[in-house]
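Tertiary structure, described
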Amino acid sequence: MGCGISFVKYVLFFFNLIVALLGLAVVGIGVAVLLNWTAFKSELEGHITVAPWVFIVIGAIMFVIAFFGCCGAIRESHCMVVTYAVFLLVIIIVQVALGVLLFAYQQNLKEALVKSVDTLFEKSRSDAASKTVFNNLEQQLECCGKYSAADYAFLVPKSCCSKLGVTGQLLGETCTIADANSTGCSTKVGEIYEKWSKVIAGIAIGLACVEVVGALFSLCLANSIRNMDRRSHY
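Below or above, wherever it landed, is the structure these notes cover. (Residues numbered from 1 in each chain as written. Predicted model: local features only at pLDDT ≥ 70, side-chain atom pairs only at ≥ 80, totals over all residues. Heavy atoms only, no water.)

**Description of the side chain of Ser-218**
Mapping Ser-218 onto the fold places it in helix 7 (residues 185-232). Taking the relative accessible area as the measure of exposure, Ser-218 reaches 0% and is therefore buried. Those residues in contact with Ser-218 that lie beyond four places of it in its chain are Leu-12, Val-81, Tyr-84 and Ala-85. (Helix = DSSP H or I, 4+ residues; strand = E, 2+ residues; numbered from the N terminus. Buried < 20%, exposed > 50% of the residue type's maximum accessible area, 1.4 Å probe, protein only. Contact = heavy atoms within 4.5 Å.)

**A word on the nonpolar core**
Ranked by internal contacts, the top residues of the largest apolar core, which has 22 residues, are Phe-134, Cys-144, Tyr-152, Val-156, Cys-160 and Ala-180. Mapped onto this core, the elements with two or more residues apiece are helix 4 (106-124), helix 5 (128-141) and helix 7. Not counting residues within four places of it along the chain, the set of residues in contact with Ala-180 comprises Cys-144, Ala-149, Val-156, Cys-160, Cys-161 and Cys-175. Val-19, Ala-20, Ala-215 and Ala-222 belong to the second-largest nonpolar core, a separate cluster that totals 21 residues. (Core = buried A, V, L, I, M, F, W, Y, C linked by side-chain atoms within 4.5 Å.)

**Quick word on the environment of Gly-206**
Looking at the element boundaries, Gly-206 is found in helix 7. The exposure class of Gly-206 is partly exposed, given its relative accessible area of 33%. Counting along the chain gives 110 residues from Gly-206 to Val-96, while the straight-line C-alpha distance between them is 9.0 Å.

Geometric descriptors of this kind do not, in isolation, establish any biological role.
Quick look at the structure:
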């Protein structure tokens, strides 16, 4: 019966069940990141805050595509399986393109992100709201200033100190340059982006390779269903 319709059907069903769960997990990650970074929306719009929405959209698309795959496999619907295969091929192309773009324009995107942090730091000198946002950034990323605590001269905010030393405690819970986090926020954000952009690009390309297998199984199943329908008419 072609590729062995029962075997292919159940393999495709469980494959898409896993993809659907992964899609929900990706949506959950996007929502969690979005909630945690709410305070930075107004200042870092278009850079950090776009990432969680990308996760949510990708996760939702993964779930919808997996739904077509599961239903098509169980119902042995040629139309649904073919639709699933087409969607999967499109998403494979998009994922590979995304991975290539992240690798190709990694430095440009990193520079844009670092520039946003630099601008936020400069605004924090005269704007109370920006100062609050930047202090929150320092606490979450355990960084200080743009490039180091020296950017503050001697008036280092408490958000720069993950842990106060003896000197800071003696001075009444004051954060000193000696106790402050050594890495600047612009440097830290750049390092985080550089690290995770490679991971995300690698995952996107890796998933595309796995999805190629799913696309082949779906096309095989669609062919088996069509052949079975033809035989039933004779």
